Amino acid sequence: MKFIDDDTKKIRWWNRNYFFAGTILVVFINILIHAISPGSLWYDKWRESGDWYSELSFNNLNKQFVSSFIHANWQHVLLNMLCFLICGAWLERRKGTLELLGLVFVMAWVSGAFVGANHLSTYHVGYSGVNYAFYAYAIIDYCVLLFRKTTRTKINVISGGILMALIYFAACFDGGTQTVSFQWYPYDFMHNMGHYSGFFGGAVVGLALQLTRFIAVKEKK
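Cut-offs and rules
Residues numbered from 1 in each chain as written. Predicted model: local features only at pLDDT ≥ 70, side-chain atom pairs only at ≥ 80, totals over all residues. Heavy atoms only, no water. Helix = DSSP H or I, 4+ residues; strand = E, 2+ residues; numbered from the N terminus. Buried < 20%, exposed > 50% of the residue type's maximum accessible area, 1.4 Å probe, protein only. Contact = heavy atoms within 4.5 Å. Areas by Shrake-Rupley, 256 points an atom, 1.4 Å probe, with all protein chains shown as cover. Salt bridge = Lys/Arg side-chain N within 4 Å of Asp/Glu carboxyl O. Core = buried A, V, L, I, M, F, W, Y, C linked by side-chain atoms within 4.5 Å. Phe/Tyr/Trp six-rings, centres within 6.5 Å; stacked < 30°, edge-to-face > 60°. Expected span 1.5 Å × (residues − 1). 1 Å grid on protein atoms, 1.4 Å probe; cavity = no way out; pocket = protein on both sides within 12 Å on 5 of 7 lines; lining within 4 Å. Points joined across faces, edges and corners; volume = space filled by probe spheres on them. Nonpolar A, V, L, I, M, F, W, Y, C, P; charged D, E, K, R; others polar. Arc of directions from axis to C-beta.

Trainee: Got a minute to help me understand the overall build of the protein in this structure?
Mentor: Per the secondary structure count, the protein includes nine helices and zero strands. When the elements of the protein are put in sequence order from the N terminus, they spell out α-α-α-α-α-α-α-α-α. Per-residue burial for the protein yields a buried fraction of 44% across its 221 residues. Sequence separation of at least 24 residues holds for 74% of the intrachain contacts in the protein that already meet a minimum separation of 6. Accessible surface computed for the protein: about 11900 Å², of which carbon and sulfur atoms make up 70%.

Written out as C-alpha cells, the structure is:
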C-alpha cells in the first residue's frame, strides 16, 4: 500500500514499513521513561556524577545518549514526541522500520556528540536535539527525492511538502517547557545550541548516507 510504504522503492524485509512500529516504539519508550522516572530524578542523578561540561570522554558521550531520552516535564516529552511522530512516520514510510530504528540510535549518538563538542551545551536533556537531527535528514532526503524522477511521485511530493511546513512551524516555536508561543522566524532553531548542534549532526549523517547510496548506484551501473 502506497500510504504505508513508498512504492518507488523495491520493498524487502529490511526496508519495509511494519505499520509504523518503529515510530510508535520510540514514542512509547520516551513516554514510559518519563512516567517511570520523572526528569527531576534524572537531573539529580546526573548532577551527582560530577562536572563533565568540558570533557568529551566515552563515558560522557554515553550520558549524552541517555540524556536524549530524559525530559523535564510532561509538556516537554509530549511536544518532543509529537514532533518525532510526524517526522518519524514520514521517514519510516520512506526508509522502513528497521532503518528508522537504526537512525534513532545513530542520531541520538551523533546529536549528543555534536552538542557535547560545544562546551556551553555539553549537559543537556530532551529528545529535541535528536528531532532536529531528523529534521536535517528529512530535508536532505526530500530535496534528493524532488531531483529524482523515479521518486517524485504525487504522494511523496505532497506529504514531504507538508512535513517541510511542519518542520518550519516547529523551528518557530518559542515556548520552552512551560509555555507555548511562536515567532515567524526559526527562533527555536537559532536560539538553542543543542538544537542547531543536533541539526548540523543530522545534516552530516544525511549527506554521508546520500553520498554512499549515490556511489552504490553508480557502481551497479
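Resuming the write-up.
Trainee: What is the right way to read the pattern of salt bridges from this model?
Mentor: When charged atoms on two side chains of opposite charge get close, those side chains can pair. Scanning the entire structure with this criterion turns up five salt bridges. Of the charged contacts in the structure, one is a salt bridge between Arg-94 and Asp-6, with a shortest N-O distance of 2.6 Å. Pair noted here: Arg-94 is in helix H4 (residues 74-95) and Asp-6 is in the segment before helix H1 (21-36), with a separation of 88 residues, a long-range link. The exposure classification of Arg-94 matches that of Asp-6, with both residues buried. Put simply, Arg-213 and Glu-99 hold a salt bridge, and the shortest N to O gap is 2.3 Å. Of the two residues, Arg-213 is situated in helix H9 (residues 193-220) and Glu-99 in helix H5 (residues 97-116); the sequence distance between them amounts to 114 residues. Where salt bridges share partners, they join Asp-6, Arg-94, Lys-95 and Asp-141 into one cluster.

Trainee: Just to check I follow, could you spell out the nonpolar core for this structure?
Mentor: Across soluble globular proteins, you tend to see nonpolar side chains buried next to one another. Leu-91, Met-107, Tyr-127, Phe-134 and Ala-138 are the most contacted members of the largest nonpolar core, which totals 32 residues. Taken together, the elements giving at least two residues each to this core come down to H1, H4, H5, helix H6 (128-147) and helix H7 (154-171). For this core, the element with the most residues is H6, which contributes nine residues. Look past the residues within four positions of Met-107 in its chain and what remains in contact with it is Gly-112, Val-130, Ala-133, Phe-134, Tyr-137, Gly-202 and Val-205.

Trainee: Teacher, can you tell me more about unusual backbone geometry here?
Mentor: Phi is mostly negative for residues that are not glycine, and the peptide bonds are mostly trans. In the Ramachandran plot, Phe-19 falls in the positive-phi region, its phi being about 55 degrees despite a non-glycine side chain. Positionally, Phe-19 belongs in the segment before H1.

Trainee: Any chance you could explain the packing of aromatic side chains here in plain terms?
Mentor: Where two aromatic rings form a pair, the distance of their centres and the angle of their planes describe that pair. Enumeration over the complete set of coordinates arrives at 17 aromatic pairs. Look at Tyr-185 and Tyr-187: their rings are 6.2 Å apart centre to centre, the planes differ by 70 degrees, and that puts the pair in the edge-to-face class. We classify Tyr-185 as partly exposed; its relative accessible area is 23%. For Tyr-187, a relative accessible area of 26% corresponds to the partly exposed category. One aromatic cluster is present, formed by Phe-65, Phe-69, Phe-84, Phe-105, Trp-109, Tyr-127 and Phe-134 through successive ring pairs.

Trainee: Would you mind showing me how to read H5 here?
Mentor: An α-helical turn contains 3.6 residues, so any two residues separated by three or four positions project in the same direction. For H5, built from 20 residues, the straight-helix expectation of 28 Å at 1.5 Å per residue is met to within 8% by its first-to-last C-alpha distance of 28 Å. If you check which residues of H5 are buried, you get Thr-97, Leu-100, Leu-103, Val-104, Met-107, Ala-108, Val-110, Ser-111, Gly-112, Val-115 and Gly-116.

Trainee: Help me out: how do you make sense of the layout of surface pockets in this one?
Mentor: Rolled over the atoms, a probe as big as a water molecule pinpoints where empty space is left. Taken as a whole, the largest pocket holds about 1100 Å³ of empty space. Forming the walls of the largest pocket are 26 residues, and the residues nearest its centre are Lys-9, Lys-95, Arg-148, Arg-213 and Val-217. Only H4, H6 and H9 provide two or more residues apiece to the lining of the largest pocket. Here the lining of the largest pocket gets nine residues from one element, more than from any other, and that element is H9. Here the residues of the lining of the largest pocket are counted per class, giving eight nonpolar, five polar and 13 charged.

Trainee: Please explain the side chain of Thr-151 as it appears in this structure.
Mentor: Locating Thr-151 in the fold gives a position in the loop between H6 and H7. Thr-151 gets classed as buried once you look at its relative accessible area, which sits at 6%. The residues touching Thr-151, leaving out its near neighbours within four places in the chain, are Thr-8, Arg-94, Val-144, Leu-145 and Asn-156.

Trainee: What exactly am I supposed to notice about H1 here?
Mentor: With 16 residues, H1 should cover 22 Å at 1.5 Å per step; its first-to-last C-alpha distance of 22 Å lies within 8% of that length. Buried residues of H1: Gly-22, Thr-23, Val-26, Val-27, Asn-30 and His-34, and no others. Angularly, the buried residues of H1 cover 140 degrees about the axis, an arc narrow enough to put them on a single face. In H1, the exposed positions angled more than 90 degrees off the buried face are occupied by Ile-24, Phe-28 and Ile-36.

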